[in-house]
Amino acid sequence: MLTLIHKLNPNQVEQLHQMYLQEWWSKERALADVPTLLHNSDLLFGLWDEESQRLAAFCRVLTDWVYRAIVFDVIVAADYRGQGLGTKLIEHVTTHPQLAQVECIQLFCTPEMQPFYEKYGFTQAQQTLMVRPCGE
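Since the structure is predicted, the reported quantities are computational estimates derived from the model, not experimental observations.

1. Focus on the pattern of salt bridges
- Overall, the coordinates contain five salt bridges when judged by the stated rule.
- Where Asp 73 meets Arg 29, a salt bridge forms, and the shortest distance between an N and an O atom there is 2.8 Å. Of this pair, Asp 73 sits in strand 4 (residues 68-76) while Arg 29 sits in the loop between helix 1 (10-21) and helix 2 (34-39); the two residues are 44 residues apart in sequence, bridging distant segments of the chain.
- Asp 73 sits in the buried class, given a relative accessible area of 8%.
- Residue Arg 29 is classed as partly exposed on the basis of its relative accessible area, which comes to 24%.
- Here Glu 103 makes a salt bridge to Arg 68, at a shortest N to O gap of 2.9 Å. Taken as a pair, Glu 103 in the loop between helix 3 (85-94) and strand 5 (104-107) and Arg 68 in strand 4 lie far apart in primary sequence, 35 residues in all.
- Through salt bridges with shared partners, a single network forms among Arg 29, Arg 60 and Asp 73.

2. Focus: the sheet that holds strand 3 (residues 54-63)
- Across the sheet, which stays open at both edges, the five strands sit in the order 1-2-3-4-5 with mixed pairing between neighbours. The open sheet is flanked by strand 1 (2-5) and strand 5, the only strands paired with a single partner. Each adjacent strand pair in this sheet contributes to an overall mean axis angle of 20°, direction not counted.
- With six bridges connecting them, strand 3 and strand 4 associate as antiparallel partners. Considered in strand 4, the bridge of Thr 63 is made with Ala 69.
- Contacts from helix 1 reach strand 1, strand 2 (43-49), strand 3 and strand 4, with the element oriented near 85° to strand 3.

Quick notes on the rules
Residues numbered from 1 in each chain as written. Predicted model: local features only at pLDDT ≥ 70, side-chain atom pairs only at ≥ 80, totals over all residues. Heavy atoms only, no water. Salt bridge = Lys/Arg side-chain N within 4 Å of Asp/Glu carboxyl O. Helix = DSSP H or I, 4+ residues; strand = E, 2+ residues; numbered from the N terminus. Buried < 20%, exposed > 50% of the residue type's maximum accessible area, 1.4 Å probe, protein only. Pairing = 2+ DSSP bridges. Axes fitted to C-alpha atoms, helices over the stretch in contact; angles between N-to-C directions. Contact = heavy atoms within 4.5 Å.

Below, the structure written as structure tokens:
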């Protein structure tokens, strides 16, 4: 049985960090940075497995509560994949009462994940993403 949580305790933070270390897009994240990352996010969505005492899936949202919200770090622990947990996370985000009035919810994804997110009303943006890496 999985429970939706909106705050992580220190053990769950460590588990999230271990999940980050397994992914190409987050493997460089330091454990010391994760509490700050969480503190500075507006909404947290975790799926907690009470029986095994494990964080099974997680994502977070940054928002101005009016015009934009952006979903970050949608991640499912490797041994929980294929059980619809990514679906549960995105459903919790897209139906969250505080996000219901936000004009636009955005996220970044790889091309192979586009069909998954399209099922929840996300479409490919026609904008150019510009980045300025730190130190350049």
